[in-house]
Amino acid sequence: MKTTAMLTTLAAALLINASNAFAASAGRVDHSGIVVWMFLGFCALILVAQLAPAVFMLIGAAKGLRAPQGQSAPSPNA
């Protein structure tokens, strides 16, 4: 029991004094080349290409809701 307590205390003492040996000393460094920026631009192009028709449909639906209702079609049974 004494040995376990001694080892636990020793391990705790060693871990308290541990330093960040592998911490980065500089700030964030960005190594993104032209290929990465071209890929991100292509992703943005896809996003805009899919967003534009959705916005046009939303505008069309809003116009349809605001438009006055015309006469309904006559019933075929009349």
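Quick look at the structure, then. Nothing here was measured: the structure is a model prediction, and the numbers come from that model. (Residues numbered from 1 in each chain as written. Predicted model: local features only at pLDDT ≥ 70, side-chain atom pairs only at ≥ 80, totals over all residues. Heavy atoms only, no water.)

Section: the overall build of the protein
Across its full length, the protein carries two helices and zero strands. Going through the 78 residues of the protein one by one, you find that 0% of them count as buried. (Helix = DSSP H or I, 4+ residues; strand = E, 2+ residues; numbered from the N terminus. Buried < 20%, exposed > 50% of the residue type's maximum accessible area, 1.4 Å probe, protein only.)

Notes on helix H1 (residues 2-16)
The first and last C-alpha atoms of H1 sit 21 Å apart over 15 residues, in line with the 21 Å expected at 1.5 Å per residue. With zero of its 15 residues buried, H1 lies for the most part at the surface. (Expected span 1.5 Å × (residues − 1).)

With respect to a nonpolar patch on the surface
There is a patch of nonpolar side chains on the surface, built from Ile34, Val35, Val36, Trp37, Met38, Phe39 and Leu40 and spanning about 770 Å² of accessible area. Assignment of secondary structure puts Met38 in helix H2 (residues 34-66). For Met38, a relative accessible area of 55% translates into the label exposed. (Patch = residues over 30% accessible without salt bridge, like charges linked within 9 Å, V, L, I, M, F, W, Y side chains within 5 Å. Areas by Shrake-Rupley, 256 points an atom, 1.4 Å probe, with all protein chains shown as cover. Salt bridge = Lys/Arg side-chain N within 4 Å of Asp/Glu carboxyl O.)

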